[in-house]
Amino acid sequence: SQKIEQNSEALNIQEGKTATLTCNYTNYSPAYLQWYRQDPGRGPVFLLLIRENEKEKRKERLKVTFDTTLKQSLFHITASQPADSATYLCAISSGSARQLTFGSGTQLTVLP
Amino acid sequence: EAGVAQSPRYKIIEKRQSVAFWCNPISGHATLYWYQQILGQGPKLLIQFQNNGVVDDSQLPKDRFSAERLKGVDSTLKIQPAKLEDSAVYLCASSLTTVGDSYEQYFGPGTRLTVT
């Protein structure tokens, strides 16, 4: 069956360190993979999109990698700040209509 | 640029009652989505519209849920009759899409539904 797994429900790191979040998938052939941030009581906010033929994408302190052989994406936040504390969702885009299927998210807490 | 608008923000109903949610997408966005997000889970796609046509409704419980997008702009999602397990946040999103490509989705704040 198809599955999207994000590492540990919660991740705590110290301010200034690099946070690394993992997204593994099985039985998908994604054309794209997207990462979103969700704060309590709010809708998800788009962060980055990476295509199947791209290995890495960067945006300011954010970096995403995509390994279609390992069926894994890694999401990095460098020089993390308490304001980065949120739930991060990965989503696979597949199918003819490019529907998004979301993982359950990783709750990140950056400690001051 | 105005974001995706949803109303109401909160709704409490008893089981077997009906409820409707409204969504106004970002101007010019052809694709509109309704998601259900249960506490502790990621959003689950219920229905996807391209303009006023349905692209995917494979996960919509059609015996009780219905959605429409008249004139290709606003959309309503209805539940009738509601069950306890329908308690969730209902998110509306929109995006600029053309067939065969994928763009970021812009989400509204959601409607938190509690069924008692």
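Everything that follows concerns the structure shown earlier in this document.
Please read all numbers here as calculations on a predicted model, not as lab measurements.

**Student:** In this structure, what is going on with the overall build of chain B? I would like to understand it.
**Tutor:** In terms of regular secondary structure, chain B is built from zero helices and 11 strands. The C-alpha radius of gyration computed for chain B amounts to 13 Å, which stays within 12% of the reference 13 Å derived for 116 residues, consistent with globular compactness. Taken over the C-alpha atoms alone, chain B extends approximately 40 × 30 × 30 Å along its principal axes. A buried classification covers 45% of the 116 residues belonging to chain B. Taking the contacts inside chain B whose residues are at least 6 apart along the sequence as the reference set, 53% of them involve residues at least 24 apart. A distance of 9 Å separates the average location of the 12 positive side-chain charges in chain B from that of its 11 negative side-chain charges.

**Student:** What's the story with the environment of K15(B) in this structure? I'm lost.
**Tutor:** Residue and element names in this part refer to chain B. Relative to the helices and strands, K15 resides in the loop between β2 (10-13) and β3 (19-24). Sequence separation between K15 and G3 is 12 residues; the distance between their C-alpha atoms is 32 Å. Excluding anything up to four places from it in sequence, K15 contacts A82, L84, V115 and T116.

**Student:** Could you clarify how one ought to interpret the nonpolar core in this entry?
**Tutor:** Generally speaking, a soluble globular protein has its nonpolar side chains buried in company with each other. Counting 24 residues, the largest nonpolar core has W35(A), F75(A), Y88(A) and L108(A) as the members making the most contacts within it. For this core, the elements supplying multiple residues, two or more each, are β2 (10-14), β3 (19-26), β4 (32-38), β5 (45-51), β7 (62-67), β8 (72-77), β9 (86-94) and β11 (106-111) of chain A. When neighbours within four sequence positions are excluded, F75(A) is seen to be in contact with A19(A), T20(A), L21(A), W35(A), L47(A), L48(A), L62(A), K63(A), V64(A) and Y88(A). With 21 residues, the next largest nonpolar core counts F21(B), C23(B), L32(B) and W34(B) among its residues.

**Student:** Can you help me understand the sheet that holds β3(B) in this one?
**Tutor:** Strand pairing in a sheet is mediated by backbone hydrogen bonds. Such pairs are either parallel or antiparallel. All names here are of chain B. One open sheet holds the four strands; their spatial order is β1-β3-β8-β7, and the pairing between them is antiparallel. Of all the strands in the sheet, just β1 (5-7) and β7 (65-68) have a single pairing partner and so form its edges. Strand-to-strand twist across the sheet, computed as the mean angle between neighbouring axes with direction ignored, equals 15 degrees. Sheet analysis places β7 next to strand β8 (residues 75-79), joined by four bridges and oriented antiparallel.

**Student:** Is there a simple way to think about the sheet that holds strand β1 (residues 3-6) of chain A in this case?
**Tutor:** All names here are of chain A. Across the sheet, five strands lie side by side as β1-β3-β8-β7-β6; this open sheet has antiparallel pairing. The sheet terminates laterally at β1 and β6 (56-59), the two strands that pair on one side only. Between one strand axis and the next, the sheet turns through 15 degrees on average, direction left out of account.

**Student:** Just checking my understanding: could you explain the pairing of strand β4 (residues 31-37) of chain B for this structure?
**Tutor:** Put simply, side chains in a regular strand alternate between the two faces of the sheet. All names here are of chain B. Taken across its seven residues, β4 has seven buried, putting it largely inside the fold. Along β4, one buried face is formed by T31, Y33, Y35 and Q37 and the opposite face, lined by L32, W34 and Q36, is buried too. Between the end of β4 and the start of strand β5 (residues 44-50), which pair antiparallel, lie six residues, with G40 showing a positive phi angle near 85 degrees. With seven bridges joining them, β4 and strand β9 (residues 88-95) adopt antiparallel strand pairing. Directly across from Y33, in β9, lies its bridge partner A93.

Parameters at a glance
- Residues numbered from 1 in each chain as written.
- Chains lettered and ligands numbered in written order.
- Predicted model: local features only at pLDDT ≥ 70, side-chain atom pairs only at ≥ 80, totals over all residues.
- Heavy atoms only, no water.
- Helix = DSSP H or I, 4+ residues; strand = E, 2+ residues; numbered from the N terminus.
- Rg over C-alpha atoms; globule rule 2.2 N^0.38 Å.
- Buried < 20%, exposed > 50% of the residue type's maximum accessible area, 1.4 Å probe, protein only.
- Contact = heavy atoms within 4.5 Å.
- Lys, Arg positive; Asp, Glu negative; His and termini not counted.
- Charge placed at Lys NZ, Arg CZ, Asp CG, Glu CD.
- Core = buried A, V, L, I, M, F, W, Y, C linked by side-chain atoms within 4.5 Å.
- Pairing = 2+ DSSP bridges.
- Axes fitted to C-alpha atoms, helices over the stretch in contact; angles between N-to-C directions.

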